[in-house]
There are 2 protein chains.
Amino acid sequence: MSGWPDQRFLDLVGSEHPIIQAPMANAGGVELVAAAIAGGALGSLACGILSPSEIRDQAAQVRGRAKGPINLNFFCHQMPEQFDDSAWRALLEPYYRRFGITPEPPGPLRLPFDAAACAMVEQVKPEVVSFHYGLPPQELLDRVKANGAVILSSATTVAEARWLEQRGVDAVIAQGFEAGGHTGRFLGSDPSQAVGLFALLPQVVDAVSVPVIAAGGIADGRGIAAAFALGASAVQIGTAYLLTPESLIAPEHKELLPGRPTVMTNLYSGGLARAAVGRLIEELGPVRDEAPPFPLASAAIIPLWREAQRRGEWDWLLPLAGQSAALAERLPATQLTRKLAADALEMMGSPVDA
Amino acid sequence: MSGWPDQRFLDLVGSEHPIIQAPMANAGGVELVAAAIAGGALGSLACGILSPSEIRDQAAQVRGRAKGPINLNFFCHQMPEQFDDSAWRALLEPYYRRFGITPEPPGPLRLPFDAAACAMVEQVKPEVVSFHYGLPPQELLDRVKANGAVILSSATTVAEARWLEQRGVDAVIAQGFEAGGHTGRFLGSDPSQAVGLFALLPQVVDAVSVPVIAAGGIADGRGIAAAFALGASAVQIGTAYLLTPESLIAPEHKELLPGRPTVMTNLYSGGLARAAVGRLIEELGPVRDEAPPFPLASAAIIPLWREAQRRGEWDWLLPLAGQSAALAERLPATQLTRKLAADALEMMGSPVDA
């Protein structure tokens, strides 16, 4: 007996604690994922920007470092057709001039889950596969299931949660408005109608019969206990792990994040995502019509971001992050995971040794 | 011993349960406030649209019907100077034509807390006075305090919570993004940076030493238990009371609300407020620059809303409401209050008879 009042997620996934270290592209590398698993969490590799061989290599490295279930996370957007991004590049032109760089050919963009990624899932055999932006085509989804993986996906509305359950996910991630990174909304709800976790979570719990994972604004034991009170069977935590020493973001950004407000913005990728507010967002506003659709906008932004960081202009663009950075304890990821679990269990009346 | 794990609010206010029936102009009249008090809540009269004599009469009626502490709620905005609202009226002109009515002179607008209201507070001697949009001028605040009232006000950011504590409020209402009605933001934070209750509440609890009341998206016992897990000493609940038989909104609106998304809009008053989405919001969009500042926009809207309701066009404009209408049990306000308390206490391990 682990002491957790709801065992459904643990039975499904096999992790020690009902905590998912959220997938975070460019931040959650092998070291962070392995450290979270070592603490008893379900560790998540963000595979959206990895090639199939990188997925294989990084998963092998994680497994070499820590024993426990691993989650491979993929986006399942439709890749846009050729898109004229000249308005976007014109908007950013003053920044290219200011930083004295010329636009480069785009680096790797977030790619949708495809046959090559699916083949790699069949080879790696992760315990869990989580999707963002709905689910992949049925044929690919069937192959992932046949491979034995537990399937998770994010819902930002009750309608999305029902849609996912009907298509056979094993658990739904209820992603509240507070969450950092890309909102998983995929059924076209109006972004101005986004729902906070306090309202979304119990409504999703009431609407589906599969276990529900709470995401958004949870960064300490109080948040985990509160999520369980609202009916969650597990939590997904990103920003608190973003601030650990194992995370790959710059130390300067780890210092800045707890003091910064966050906002939903499309400047990073073209898709709406929550990020900490820096100068670019202040100057352009958080949402611009000029940005091409997800994930194309990132091609023109990434070289600028790299140059800003090279110059030490940490405030120009900050990482994607949720609303609770100020709550996060600054611990290594293994200790953080154990402390999150211990604090929550103590609050819920089942104290265990941390 | 009431069984509540945090007694600070109860000690301060003297209610049976740490539940505030939220003030709701045009919805929470004498009957609702008295019924909530009878169930053990702190009942709140929305005084922003009442004249001093109406405040006196309604408070007396509440006290004649129910024994328990009462809260008088006031706005403390600056009333705008003369404002040209011709762009606003031009925007609404097609609706005047459609409904076949002519613009009337404005009815009563929400008025800021002033000397006349303060004199009435001194006469009524409410146990609690709550403010929205900060606090009134120091001289008036001192008079309210000298009169023995517990002072509450709403914060939508940590900075606002600290500001209120420094000026001597007895408890801070942490108003999450999910909350229905007007957002209490008063220090000019960017509305796009609004914070969900899951993130806001523990950060406010950490920032101030006075008790914190959680508001936004709480509509059942789970939400109360979750708010206490995040550090709240009490909760403020609006939308669940809006759906009770005692609430003054139309029965048709009580049926529509649980199925509707909500959005932050300035169409009702000029100030940002969360409301259920109806046709006017769909047609104009939720936020229009043409709207004059709070509370002036309501003068041109109210006659249209009245006519829409007279014609049975319930979908044209829906009430202000929060994100959790679907969670609310449809009970009379006294039973609702008792059930909210009993459900929360049972979840928190202190069951009592409902």
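None of these values were measured; they are calculated from a predicted model. (Residues numbered from 1 in each chain as written. Chains lettered and ligands numbered in written order. Predicted model: local features only at pLDDT ≥ 70, side-chain atom pairs only at ≥ 80, totals over all residues.)

1. Some details on the overall build of chain A
A tally of regular secondary structure across chain A gives 14 helices and 11 strands. By its C-alpha atoms, chain A is 60 × 45 × 40 Å across when sized along the principal axes. The buried share among the 354 residues of chain A stands at 56%. Sequence separation of 24 or more characterises 69% of the internal contacts of chain A that already satisfy a separation of 6 or more. (Helix = DSSP H or I, 4+ residues; strand = E, 2+ residues; numbered from the N terminus. Buried ≥ 20, exposed ≤ 12 C-beta atoms within 10 Å, placed from the backbone. Contact = placed C-beta atoms within 7 Å.)

2. Things to note about the packing of helix α9 (residues 221–229) of chain A against helix α14 (residues 333–347) of chain A
Residue and element names in this part refer to chain A. Where α9 contacts α14, the axes come no closer than 8 Å and their chain directions differ by 55 degrees. Judged on the interaxial angle alone, α14 and α9 are oblique. Considering how the two elements wind past one another, α9 and α14 form a crossing that is right-handed. Residues G221, R222, I224 and A225 of α9 form the contact with α14, whose own contacting residues are L340, D343, A344 and M347. (Axes fitted to C-alpha atoms, helices over the stretch in contact; angles between N-to-C directions. Parallel < 35°, antiparallel > 145°, perpendicular 65-115°, else oblique. Left-handed = near helix turned anticlockwise from the far one by under 90°.)

3. Quick look at the sheet that holds strand β5 (residues 150–155) of chain B
Residue and element names in this part refer to chain B. Pairing is parallel in the open sheet, where eight strands are placed in the order β1-β9-β8-β6-β5-β4-β3-β2. In this open sheet, the two edge strands, each paired with only one partner strand, are β1 (19–21) and β2 (43–46). Neighbour to neighbour, the strand axes of the sheet diverge by 25 degrees on average, direction disregarded. Sheet topology note: the β1/strand β9 (residues 234–237) ladder contains three bridges and is parallel. In the strand pairing of β9, I19 is matched with V235. (Pairing = 2+ DSSP bridges.)

4. Here's the deal with the interface of chain B and chain A
Contacts between chain B and chain A engage 35 residues on the former and 33 residues on the latter. When residues of the side of chain B that touches chain A are traced back to their parent elements, those giving at least two are α8 (197–207), α9 (221–229) and β10 (262–265) of chain B. For the side of chain B that touches chain A, a count of residues per class yields 19 nonpolar, 13 polar and three charged. (Nonpolar A, V, L, I, M, F, W, Y, C, P; charged D, E, K, R; others polar.)

5. Describing the domain arrangement of chain A
Residues and elements named next belong to chain A. Under the domain assignment used here, chain A contains domain 1 (8–77 + 112–251 + 327–347) and domain 2 (85–109 + 261–317). The C-alpha-based centres of domain 1 and domain 2 are spaced at 26 Å. Tallying the contact residues gives nine residues for domain 1 and 10 residues for domain 2. (Domains from an automatic or database assignment.)

6. Side note on the pairing of strand β9 (residues 234–237) of chain A
Residues and elements named next belong to chain A. Burial of β9 is two-sided: the residues A234 and Q236 facing one way and the residues V235 and I237 facing the other way are all buried. Relative to β9, strand β8 (residues 212–215) is paired through three bridges, and the arrangement is parallel. Bridge pairing in β9 links A215 to Q236. After leaving β8, the chain enters α9 and then returns to the sheet as β9, a path that is right-handed. (Right-handed = clockwise from strand over helix to strand, strands pointing away.)

7. Some details on helix α5 (residues 115–124) of chain A
Residue and element names in this part refer to chain A. For α5, the complete set of buried residues consists of A117, C118, M120, V121 and V124. Looking straight down α5, one finds that the buried residues subtend no more than 160 degrees of arc, so they occupy a single side. Set apart from the buried face of α5 by more than 90 degrees, the exposed residues are A116 and Q123. Against α3 (52–65), β3 (70–75), β4 (128–132) and α6 (138–146) lie the buried residues of α5. (Arc of directions from axis to C-beta.)

8. Focus on the sheet that holds strand β11 (residues 273–276) of chain B
All names here are of chain B. Read from one edge of the open sheet, three strands run β7-β11-β10, paired in antiparallel fashion. Both outer strands of the open sheet, β7 (181–182) and β10, are each paired with one neighbouring strand and no more. Where β10 meets β11, four bridges bridge the pair, whose relative direction is antiparallel. Note that in β11 the partner of V263 across the bridge is A275.

9. Regarding the environment of Q236(A)
Tracing the backbone shows Q236(A) in strand β9. Setting aside residues up to four positions removed in sequence, Q236(A) forms contacts with I20(A), A22(A), I173(A), I213(A) and A215(A).

10. Notes on unusual backbone geometry
Comment: phi is negative for the bulk of residues other than glycine, and the bulk of peptide bonds are trans. All names here are of chain A. Cis geometry is adopted by the peptide bond preceding P295, which originates at F294 and carries an omega value of 0 degrees. Within the element layout of this structure, P295 appears in the loop between α12 (279–284) and α13 (298–310). Positive phi values are uncommon outside glycine, yet K125 reaches one of about 50 degrees. Here K125 shows up in the loop between α5 and β4. When the 12 C-beta atoms within 10 Å are taken as the criterion, K125 is described as exposed. The backbone of Y133 sits at a positive phi, close to 70 degrees, despite the residue not being glycine. Assignment of secondary structure puts Y133 in the loop between β4 and α6. Given 23 C-beta atoms within 10 Å, Y133 falls into the buried group.

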